[in-house]
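Read off the chains here:
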Amino acid sequence: MPRTRKAAPPLQLTMKASLLSLLWLAPDAPSRGGAVLAHGFASSSSSPSAVGSRSRRAFLPRGGSLGGPSAASASASAEATSLASTAVESDVGPALEVVSEANWDLLSDRGKAALSRLILYDLSSGHHGQKHVYGDWPAAGEDDEGKRQLAEQIADLDGSYPGGLPAYLAKAKTLLQESADGTNPFAEFEASVPEGESLSYEDPHADAHTGMTFSEAEQAGLTGIGDTVFVLVAGGLGERLGYSGIKLSLETNLCTNKCYLEVYAKYIQAMQRMAHLKTGKDHIRIPLVIMTSDDTDPLTRKLLEDNDNFGFDEGQVVIVKQDKVAALSNGNAGLSMKSKWEVETKPHGHGDVHHLLYREGLVDKWFNEGKRHVIFLQDTNALVINSVLPTLGVSIAKGFHMNSICIPRLAGEAAGAIARLEHKTDPEKSLVINVEYNQLDPLLSSQGDCKGDVPDPSTGYSPYPGNANNIVIEMGAYAKTLAGEDKGVVIEFVNPKYKDDTRTEFKKPTRLECMMQDIPKLFQKEMGSEANIGFTMFDRWFTFSPAKNSLDAGVADVGNGGKAPGTMSSAESDKYIQNQRKLKFAGMDVDVTGEDDLVPVAGIPVTPGPRIILCPGFAITQQEVMQKVEGGKITKRSSLVLEGENLKVKNIDVDGALVIRTGHDCDVTVDGLVVRNKGYEAEEIPEGADVPEEVSIRGYTMSKHEVMEIIINEPGKYHVGADGEVKRA
């Protein structure tokens, strides 16, 4: 009989107010001569020593320069350091000069502590840029609940940022001034093309640097996959796609209707199974951490709960939630108010993930358990999971502390690039790091031939590899780096949209932001020239097709000559094309869609077919595909889904739709099967049709007219012949 089990809920590591490192007060604090005394910080850990080790007072703000703090940054650091001492003893006298005693008495102790810190910072800075927050409160008895709400929110913002809200504002003021002045963060560096590895699925020759073929790199990755942890950054909603839900819940394709989270889950579980086979250790579990936000956390938990954790065991999935940061209304870093009693907040960026993993003690835990690599994934690029094993193999072979998955990048493309930045005076400060596209061209225009971000004539691509924002990090170096001064807080930046050339007022509020891929700066700081940071480049068709744009935006991009619309439909199409190429490489007779073969559906060029899905339960390596597929042919109009760890298909002849799913311990050989049916058909949604947004963002539906389905779950050995009849072997 088929084996069944009930999945357990994910380990709960919520990061609500009770879990943040917030200032807490002794009961007798208000009576200590007008001073508020802070005796410690609350933490998610129940260990007193852990509380002490994670004290936020050790954090100092950083400026925006890669080469170290500028004079302004150093001044901001000193200012925030001085103010941080108020976390130990805050004089509430200045606060009572601007907030009446009656209003003060309305607030909780934590609210008083945070508000007094903000007021003291503001008065000490001489800018008075936050007076609109606290300086015009009505008398007690009017809007009292709003006052309490504001003070509690300020306490939340103060507690959730390393160094507190004063450190955030001091850093923001410095970075905003540098932005207004047009300060070049790369003034002390020169860019050069870094050394890296290049692997191609269809190239049988070994890479010149690693000496490995693509398949050999995959097999090397399999030797270490059991000692990995996956981290999925998923803090954003699908609003840019025209979808109000979480992106992880979107269907990757309409043949299987499996969502992104399920696809990632099944790949991880398939890798886990391969680790069992490779090592003989059935106890190996590959953990998954999902970073959520206030926007995505409840829906992510519900998605897991509704689907029995997609097959993960109890405790195998951990959720950590990032906090938002205060929005800023002007160049003086004035807090933007959503209303009289609410500070506007915005996402801080996926760079938070490193500090969150440190704050929860997860990296030290993994290191002590013998885990050796952390693999970071983005939420809606289903192709990139195929690159994990060979990238890990390269990391193991080259001893990389960090290895970025890259693709060939078009010159001028709105995508970051990996560059080696050589410091002009101090080689210890040189590093390999992501440079955003809007910074790359000015940097290259200021050096060498001053041509900027232009293509290499021999390849047609930029010589700087494009960053797919998926990375593999070695655990020992990661733990050492996170234990350093910054505790995983990566370098931040601001990107204000100015109203005019005075560069003082914004079109809309801004905030400090950070990116996951900027952690090489911390590696360089903690490890110096010993930091071994590289990249591994793959073909775009194999690795990169994120779903990030709405259908309308994609259509507009195509109309302007764009080749990568980045819509749900283009991402789905590229998945089919990837699998066409895999089966073609394995020897099947299949039409592979080229650029000239794409057909417009709802305004987006997509493959006419065949639509092929090779589920991770069927094959995750090139070697598996080659071993499980022999001969056969499939017509352009056809659809094919293969799933089953011990499924082999030989000489199948498909004109229509075929779905084969086999369970664990089912050894199935399909040989000579002939399929003739009406199959599946993509149908555009009529203009003005009332359809759910998850349908409208694609612009089409999949009409499943007729399909041959072969579903085998009973353990045993089976054979399927030309007529499709299932027989025990």
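Structure's up top.
Conventions adopted
Counting restarts for each chain: residues are numbered from 1 in the order of the written sequence. In keeping with the predicted nature of the model, local features appear solely for residues at pLDDT of at least 70, side-chain atom pairs appear and are counted solely at 80 or more, and the whole-chain, interface and lining totals rest on all residues. For the side-chain quantities, the full set of heavy atoms in the structure was used; hydrogens and water were omitted. Here, a salt bridge means any side-chain nitrogen of Lys or Arg that lies within 4 Å of a carboxyl oxygen of Asp or Glu. The way it works is that DSSP assigns letters per residue, a run of H or I at least four long becomes a helix, a run of E at least two long becomes a strand, and they are numbered from the N terminus. Here, a strand pair is defined by DSSP locating no fewer than two bridges between the strands. Simply put, an axis is a line fit to the C-alpha atoms, just over the touching stretch for a helix, and the angle between two N-to-C directions goes from 0 to 180 degrees. Just so you know how the angles are binned, under 35 degrees is roughly parallel, over 145 roughly antiparallel, 65 to 115 roughly perpendicular, and the rest oblique. Residue contacts are counted whenever heavy atoms from the two residues lie within 4.5 Å of one another. In this count, Pro and Cys sit with the nonpolar residues alongside Ala, Val, Leu, Ile, Met, Phe, Trp and Tyr, while Asp, Glu, Lys and Arg are called charged and the others, Gly among them, polar. Whether two aromatic rings pair depends on their centres lying within 6.5 Å, for rings of Phe, Tyr and Trp, where Trp uses its six-membered ring; planes under 30 degrees apart make the pair stacked, over 60 edge-to-face, and the rest tilted. Here the term buried applies to any residue with accessible area under 20% of the maximum for its type, exposed to any over 50%, and partly exposed to those in between, with areas from a 1.4 Å probe on protein chains only.

### Examining the pattern of salt bridges
A pair can form between side chains of opposite charge whenever their charged atoms are brought close.
So, point 1. Per the stated rule, a full pass over the model turns up 31 salt bridges.
So, point 2. For Lys628, the salt bridge is made with Glu624, and the minimal N-O distance between the two is 3.7 Å. Within this pair, Lys628 and its partner Glu624 are both found in helix H21 (residues 622–628), separated by four residues, close to a single helical turn.
So, point 3. Taking the shortest distance from any N to any O, the salt bridge between Lys648 and Asp667 comes out at 3.3 Å. In this pair, Lys648 is assigned in strand S31 (residues 647–650) and Asp667 in strand S34 (residues 666–671), connecting sequence segments 19 residues apart.
So, point 4. Here the residues in one salt-bridge network are Arg273, Glu624, Lys628 and Glu645, joined through shared partners.

### Quick notes on the sheet that holds S34
So, point 1. Spatially, the five strands line up as an open sheet ordered S28-S31-S34-S39-S40, and their pairing is mixed. Bordering the open sheet on either side are strand S28 (629–630) and strand S40 (726–728), each of which pairs with just one other strand.
So, point 2. Bridge count for S34 against strand S39 (residues 716–720) is five bridges, and the pairing is parallel. Pairing of Val668 across the sheet is with Tyr718, part of S39.

### Comments concerning the packing of helix H16 (residues 475–482) against helix H17 (residues 520–527)
So, point 1. Packing of H16 against H17 leaves a shortest axis separation of 9 Å and a crossing angle of 80°. As judged from the angle between their axes, H16 and H17 are roughly perpendicular. Contacts between H16 and H17 involve Ala477, Tyr478, Lys480 and Thr481 on the former and, on the latter, Leu522, Phe523, Glu526 and Met527.
So, point 2. Residues that form the contact of H16 with H17 fall into these classes: five nonpolar, one polar and two charged.

### Observations concerning the packing of aromatic side chains
So, point 1. All told, the structure shown has 13 aromatic pairs when counted by the stated rule.
So, point 2. Geometrically, the ring pair formed by Trp137 and Trp341 is edge-to-face, given 5.6 Å between the ring centres and 75° between the ring planes. Here Trp137, found in the loop between helix H6 (131–134) and helix H7 (144–160), pairs with Trp341, found in the loop between strand S12 (337–339) and strand S13 (342–343); they are 204 residues apart in sequence, far enough to count as distant.
So, point 3. On the basis of relative accessibility, which here comes to 13%, the residue Trp137 falls in the buried class.
So, point 4. The class of Trp341 is buried, set by a relative accessible area of 9%.
So, point 5. For the pair Tyr201 and Trp541, a centre-to-centre distance of 6.1 Å together with 80° between the ring planes defines the contact as edge-to-face. Of this pair, Tyr201 sits in the loop between strand S6 (197–198) and helix H9 (214–224) while Trp541 sits in helix H18 (residues 540–543), and the two are 340 residues apart along the sequence.
So, point 6. Relative accessible area serves as the criterion here: at 3%, Tyr201 is assigned to the buried category.
So, point 7. Its relative accessible area of 15% is what places Trp541 among the buried residues.

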